[in-house]
Every structure is written in C-alpha cells, then in structure tokens.
Amino acid sequence: MTETAASDFRPSQRHIRLDTILRLRWLAVLGQLAAIFIVAQGLEFDVAIVPCVSIIGLSAMLNLVLQTAVNPMQRLEPIHAAALLALNIVELAGLLFFTGGLQNPFSFLFLAPVLISATALPARLTFGLGILAVACASILFFVHFPLPWDSEDPVVLPPIYLVGVWLSIVLAIGVTSLYSFQVTEEARKLADALAATELVLTREQHLTQLDGLAAAAAHELGTPLATIFLISRELEKTVKDPVFAADLKTLREQTQRCRDILSKITQLSSTGAPFDRMKLSELIEEVVAPHRDFGVDIKVRIAVAATAEPVGSRNPAVLYGVGNIIENAVDFANSAVEVNAWWNNDTIEIVISDDGPGIPPDLMNRIGEPYLSRRRSHDAGGGLGLGVFIARTLLERTGAKVSFTNRTFPEHGAVVQIAWPRERFEAIESFEETIG
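So, how was this worked out
- Residues numbered from 1 in each chain as written.
- Predicted model: local features only at pLDDT ≥ 70, side-chain atom pairs only at ≥ 80, totals over all residues.
- Heavy atoms only, no water.
- UniProt positions renumbered as here; feature names shortened; annotations may be inferred.
- Helix = DSSP H or I, 4+ residues; strand = E, 2+ residues; numbered from the N terminus.
- Expected span 1.5 Å × (residues − 1).
- Buried < 20%, exposed > 50% of the residue type's maximum accessible area, 1.4 Å probe, protein only.
- Arc of directions from axis to C-beta.
- Salt bridge = Lys/Arg side-chain N within 4 Å of Asp/Glu carboxyl O.
- Patch = residues over 30% accessible without salt bridge, like charges linked within 9 Å, V, L, I, M, F, W, Y side chains within 5 Å.
- Areas by Shrake-Rupley, 256 points an atom, 1.4 Å probe, with all protein chains shown as cover.
- Pairing = 2+ DSSP bridges.
- Core = buried A, V, L, I, M, F, W, Y, C linked by side-chain atoms within 4.5 Å.
- Phe/Tyr/Trp six-rings, centres within 6.5 Å; stacked < 30°, edge-to-face > 60°.

The name given to the protein in an unreviewed UniProt entry is histidine kinase, and the organism recorded there is Bradyrhizobium zhengyangense. The annotation that UniProt attaches to the protein under Subcellular location (unreviewed entry) is "Cell membrane".

Below you can see the structure in the form of structure tokens.
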C-alpha cells in the first residue's frame, strides 16, 4: 500500500481574489446611485443627496485606488478581505442613517457581506462581521434621519414593527450565514477529499508503471549484454593465458547472470504474466499479509463453492480499498479480525469484521464521508478521516457496493461488506479503466 503523508490532505487556507470583492463593490456603487436617483428624481422624495453621494463617491474612489495600486487578480489574506467587507457594512450603515434607518427596505442588504464572508472566509471573521452588522442595525434602530417620503403624507411605522425588522435582520444574518458556511464547508471538504483520492490513485498508478519501465529497460539492455556475452565466449576460446581465460570466464558468467535477471523481469512485467491476474483468495492474502504482525489475530475463511473461484486483475484500486478497510479493522480490533469471502455465478462478496467497539450510532449513517474520524487517542496523528472515504470511493469505482454495520448483540464490533457483480469483478482489466 502507498503511504501518503497527512500533510498532503490538510485543507488549504481559503483566499478570495481582490477582483471578486471589487466587482461586488462596483455593483453596490451603481445600485446605490440608481436608488438615490430614482427616489430623488423619479419619486421626487426629499433625500439627503449630498451626504449620500459623498459616501458613494468615497467608496468609488477607494475602488479606483485598489484597482490601480494592487493587482486585481491577487488573492487577499482573509483578514484583508474581511476588512473590505466590514467597510461595505459601514458604508451601508452610513447611507441608511441618512435614508430612514431600519425603515428603509434596503436595510436587509446588511446580510450580503456576511454571506460572502460565510462562503469564503474563516468562521471567526464571519462571526466578527455578523457582530458588526448587528451592531450597525441596532444603532440605526435608535438614530437615523427620517425615511424619504411624500412630505404631505409622511410614513409613521410603529415601534413594534421596527423591532420585528431588527429581529428579522439579526435572524437572517445568523441563520443564512450559518447555513451558507455549513454548505460551503461540506463542499470544500468533499473537494479536498476527492483531491486526496486522486493523489492516492496517481501514486498507485506510478507504482504500476514501474513494471512497464522495467520491461523497457530489460529489452534495451538485452542486445548489448548478448553482444558482450558472445565476444567474451569467443575470446575465452582463443586466449591461452590461464589468468586472462579465468577473467573472461568470470565476465561471461556474470553477463549470463544479468541476462537471466532481465529475462525474469520481462516475464513478470509482460501482459498475461502469472501475477498480472489473481484469484480472489490470493488477493485477500496479499492485502492481509502486511497486517499479521500487529498483535491481532486475522482469520481468513474462503467458502467452498460449486463454481470456479473468480479471477480478476491485480488492480491497485481494489488492493488499496480492501487493504485500507482491513487496516482500519486491525486498528480498532481488541484481539481478532475475520475476513470471510464467498461467491457464486452472479456475486462476489468479502466481509471484514472485528471485535472492537463497533461503529458509534451517531456515525453509522455518515461512514464514508470525508474527514470523519474517531480513532483511538494513542494513534499517531489521530487520523484525518480520509482512509475510509478513499477506500470506499476506489472500491465503488470498480463496481463494488460497500456497506457498514455492527455485529448483532451480544457480540460487538464493526462489519464491512464489499460485494461485486461477478461479471464486473472479472472484467476489471486495468488501472486506467478504474479511474476513468
């Protein structure tokens, strides 16, 4: 099995491009100017145009400075992106201060910067932006200019309605931001885990390619070695000096030895070689063998069937997937792990069980999700919870169905069932077919 460093799978820090925030800020500038123009000119309401346009103008000037002084494609540090989003909240609060506070229907735009942060920035920064938005909304509840309206028919909203508006803003910021953060976090974890799976597949593919490289090297070296062998044999016949004759004999023997080694490599690497395809029992023994010396008794039982034993390709995805599940069983077992296999004309099944604590009920329906781990505390590194996800992904790509259960009480321990349609198992021909 290929060992993969845990650091290869660590989630990378999230960054947001300056261009993304600038586009949002320019959109806000255009929308705010349009709203001011429609209210002042179209509806002819009394609006504090000078302070509102001043705030919008300052926002536009900052956009221009950032766009010219900094590369828009640069990815901002989270704290810098959060600062720009905080500035958006303050600018919106300033505009709402001059246009009615929470009576203004645009007050719900407080939600936008917090939602952006929830999808792109760490939770602590999103929480800080949410607190800032709630604080601004709370201040505007008490302090603001009147809502622009017809002076002959002014709008007077009851305090209880404004309390409802404030509460709805607070709840919207909290609930929608939390939901967006959870959805984004799950998508990010899944993307990282799939990247980890592809990394494992790539490393396994590199191992399988070594056979081909060995065969190519053996073929290229065969001709010069044959030439050396023939020349040394002819010289051995003609040289009379016993010292030189002994050296030539040694040279001929070592050359022949090299030819024999290269011949074996070529045979093992050729298509249809003895180890290119393997019986189900051989596959199980190969993945079990590395785990027999860890103080856990591994019992392998192969059921006797009326049909011939299935034979499949020596596929790295199958070897890694089954091996990883056996490794997990050994990790959690108290003293024993059982690997049972049976087959018929339609189905091939491997069942791996242990006598450990079993799968906790709260994790039963989530087994196989990325970054889900509850390893023993003494395990080095604690585990990232990617092993079962990668194993399940690889096995399902080969056509297997993987299910997780616990043993029936009073027995305890986890049970993993891996089942293939026999036709699909025996048709797996190559590693590339698995990852295709």
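For helix α5 (residues 123-142), spanning 20 residues, the distance from its first C-alpha to its last is 29 Å, which sits close to the expected 28 Å at 1.5 Å a residue. Listing the buried residues of α5 in full gives Leu125, Thr126, Leu129, Gly130, Ala133, Cys136, Ala137 and Leu140. Axial view of α5: buried residues confined to an arc of 140°, hence all on one face. More than 90 degrees from the buried face of α5, the exposed residues found are Arg124, Phe127, Ile139 and Phe142.

On to the pattern of salt bridges, then. For the structure shown, the criterion picks out 6 salt bridges. The salt bridge partner of Glu338 is Arg301, with a shortest N-O separation of 3.3 Å. Here Glu338, found in strand β6 (residues 336-343), pairs with Arg301, found in strand β4 (residues 297-302); they are 37 residues apart in sequence, far enough to count as distant. You can call Arg301 partly exposed: its relative accessible area is 41%. A salt bridge links Glu396 to Arg392; the shortest N-O distance between them is 3.1 Å. Here the residue Glu396 and the residue Arg392 both occupy positions in helix α11 (residues 387-397), the gap between them amounting to 4 residues, near one helical turn. Residue class for Arg392 comes out partly exposed when judged on its relative accessible area of 23%.

Attention now moves to a nonpolar patch on the surface. A cluster of nonpolar residues, Leu33, Ile49 and Val53, forms a patch on the protein surface that exposes about 210 Å² of accessible area. Its location among the elements puts Ile49 in helix α2 (residues 49-69). The exposure class of Ile49 is partly exposed, given its relative accessible area of 38%.

Before going further, it helps to spend a moment on the pairing of strand β9 (residues 414-421). Within β9, 6 of the 8 residues are buried, leaving the element largely enclosed by the surrounding structure. As paired strands, strand β7 (residues 347-354) and β9 are joined by 7 bridges and run antiparallel to one another. Residue Ile352 lies in a different strand from β9, and its bridge partner there is Val416. Of the strand pairs in this sheet, strand β8 (residues 401-406) and β9 are connected by 6 bridges, and their pairing is antiparallel. Each bridged residue has a counterpart across the sheet, and for Phe404 the counterpart in β9 is Val416.

Burial in α11 covers these residues: Phe389, Ile390, Ala391, Thr393, Leu394 and Leu395. Once α11 finishes, Gly399 follows within two positions and takes phi at roughly 100°, a positive value.

With that out of the way, let us pick up the nonpolar core. Of all hydrophobic cores here, the largest spans 36 residues; its most connected members are Val322, Val337, Val339, Ile352, Ile418 and Trp420. Those elements that place two or more of their residues in this core are α8 (280-288), α9 (316-332), β6, β7, α11, β8 and β9. Looking at this core element by element, the count peaks at 7 residues for α9.

Here we take up the packing of aromatic side chains. Each aromatic ring pair is summarised here by two numbers: the centre-to-centre distance and the angle between the ring planes. In this structure the tally under the stated criterion is 5 aromatic pairs. Ring geometry for Phe97 and Phe145: centres 5.2 Å apart, planes at 75°, overall edge-to-face. Of this pair, Phe97 sits in helix α3 (residues 78-98) while Phe145 sits in the loop between α5 and α6 (159-238), and the two are 48 residues apart along the sequence. The exposure class of Phe145 is partly exposed, given its relative accessible area of 38%. Here Phe141 and Phe142 contribute two aromatic rings whose centre-to-centre distance is 4.9 Å and whose plane-to-plane angle is 80°, an arrangement assigned as edge-to-face. Assessed through its relative accessible area of 23%, Phe141 is described here as partly exposed. Linked through ring pairs, Phe97, Phe98 and Phe145 together constitute an aromatic cluster.

Residues annotated in UniProt with the feature "transmembrane region" (unreviewed entry) correspond here to residues 21-41, 47-66, 78-99, 105-122, 129-147 and 159-181. A distance of 30 Å separates the end C-alpha atoms of residues 21-41, which is 100% helix and 0% strand. Helix makes up 74% of residues 129-147 and strand 0%, whereas the separation of the span's terminal C-alpha atoms amounts to 26 Å.

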